[in-house]
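Survey of secondary and tertiary structure
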Amino acid sequence: MSVIFCDTDCELWYTTARELGIKVIPMPYTVDGVEKMYDLGENTDFKAFFRGMREGSAVITSGLNPQTYTEIFEPYFKAGEDILYVAFSSKLSNTFKYHDIAIKELKEKYPNVKYRIFDTLNICMGAGLLVYLAAKFFNAHGGDVDATYDYLESMVQKVKVLFVVDDLKYLARGGRLSPAKARIGNVLQVKPVLYVNKEGEIDILTKQNGFKKAMSFVVSEFESKYKPVEGAPVVIVGADCDEYVEEIRRRILAVCPSADILVQPVGPVIGAHCGPGTYGVIFTAESR
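Residues numbered from 1 in each chain as written. Predicted model: local features only at pLDDT ≥ 70, side-chain atom pairs only at ≥ 80, totals over all residues. Heavy atoms only, no water.

**Notes on the packing of helix H5 (residues 125-140) against helix H6 (residues 145-155)**
Short version of the rule: For helices, the fitted axis covers only the stretch in contact; all axes are lines through C-alpha atoms, and the angles between them, taken along N-to-C directions, range from 0 to 180 degrees. Strands are runs of DSSP state E lasting at least two residues, helices are runs of H or I lasting at least four, and both sets are numbered from the N terminus onward. Note on convention: near helix rotated counterclockwise from far helix by under a right angle means a left-handed crossing. Clockwise means right-handed. Contacts are assigned to residue pairs that have any heavy atoms within 4.5 Å of one another. Polarity classes work like this: nonpolar for Ala, Val, Leu, Ile, Met, Phe, Trp, Tyr, Cys and Pro, charged for Asp, Glu, Lys and Arg, and polar for all others, with Gly in that last group.
Between H5 and H6, whose axes approach to 9 Å, the crossing angle comes to 145°. In this structure, H5 meets H6 at a crossing whose hand is right-handed. From H5, Leu130, Leu133, Ala134, Phe137 and Phe138 reach across to H6, where they touch Val145, Ala147, Thr148, Tyr151, Leu152 and Met155. A class-by-class count of the residues in the contact of H5 with H6 yields 10 nonpolar, 1 polar and no charged.

Shown next as structure tokens:
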């Protein structure tokens with residue numbers, strides 16, 4: 001027997017995870033001192049969360065401790081089930097050092113259990129699309145952990161993420177941009193188009209002057225780089241910005257009418273760092 005895991009930073013929708021039989025690790029976020037665990041949208045009030053951010057709520061994220069990882073994984077180790085955990089980028093959180101402590105102890109206690117973690121080097125539905133494809137492969141191949149890991153190796157650099165933030169102050173709060181640059185950028189209406197690079201880090205692809213130019217750049221990048229993979233949708237995500245999502249959905253369909261588009265919200269853990277008004281496109285390409 002074997003199981004496949006993901007975490008909620010992959011943002012795969014809860015019904016999809018359930019249908020595919022994926023075990024889910026909830027990741028924490030805190031709003032005005034109250035810690036919550038993201039549930040892949042099952043009981044999340046996205047509009048209230050982003051409204052709170054706009055009104056000044058203090059929102060932070062954190063990792064899990066070793067004890068939590070042990071509580072999550074030990075039942076499967078104890079049952080002798082092999083495990084594949086398809087995780088969000090290790091470059092974007094310190095939580096994996098606590099994960100490693102827990103897994104080291106569990107491996108010593110249950111030496112006959114196979115445990116593998118695959119680093120998607122991605123975040124949000126960039127990781128989620130890889131989880132989705134991995135789970136389908138895993139289920140179609142009898143829960144073969146090693147074969148699924150190898151399949152992911154062949155796909156990991158083929159999932160491209162592009163996103164645009166509406167207000168740079170949220171990147172500044174998370175330490176990803178200096179407050180001074182954020183203020184200047186907002187005044188000048190500079191819209192950086194960001195991506196997740198091959199090393200699994202968030203980086204700036206270009207800076208565009210204004211919303212329209214930024215969206216045009218994203219659509220142009222999609223048109224030139226999109227390479228369909230069977231079973232892989234084009235995913236559009238938005239942080240409480242339905243009008244942006246609808247516009248980019250319409251524009252992507254205009255350049256690629258055959259695209260199978262999936263639309264879903266940005267969750268609170270990712271949203272805590274990018275802020276309301278962020279939108280993004282995730283798709284398969286020749287390379288990132």
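**Considering the pairing of strand E13 (residues 279-284)**
So the rule is basically this: Relative accessibility under 20% of the residue-type maximum defines a buried residue, over 50% an exposed one, and the middle range a partly exposed one, all with a 1.4 Å probe and only protein chains included. Only when DSSP finds a minimum of two bridges between them are two strands counted as paired.
Within E13, 6 of the 6 residues are buried, which leaves it mostly tucked inside the rest of the structure. Across 6 bridges, the pairing between strand E8 (residues 159-164) and E13 is antiparallel. When the sheet's bridge partners are listed, Val164 is paired in E13 with Tyr279. The sheet contact formed by strand E11 (residues 234-238) and E13 spans 4 bridges and is antiparallel. If you follow Val235 over to E13, its bridge partner there is Ile282.

**Some thoughts on the pattern of salt bridges**
Heads up, the condition is: The rule for a salt bridge is simple: a side-chain nitrogen of Lys or Arg has to be within 4 Å of a carboxyl oxygen of Asp or Glu.
Scanning all chains against the criterion turns up 13 salt bridges. Between Glu42 and Arg18 there is a salt bridge, with its nearest N and O atoms 3.0 Å apart. Taken together, the positions of Glu42 in the loop between strand E4 (34-37) and helix H2 (46-54) and Arg18 in helix H1 (residues 14-19) put the pair 24 residues apart, joining distant regions of the chain. Looking at Glu42, the relative accessible area reads 37%, which means it is partly exposed. One salt bridge connects Glu221 with Lys225, and the closest N-O pair in it is separated by 3.2 Å. With Glu221 and Lys225 both in helix H9 (residues 211-225) and 4 residues apart, this pair spans about one turn of that helix.

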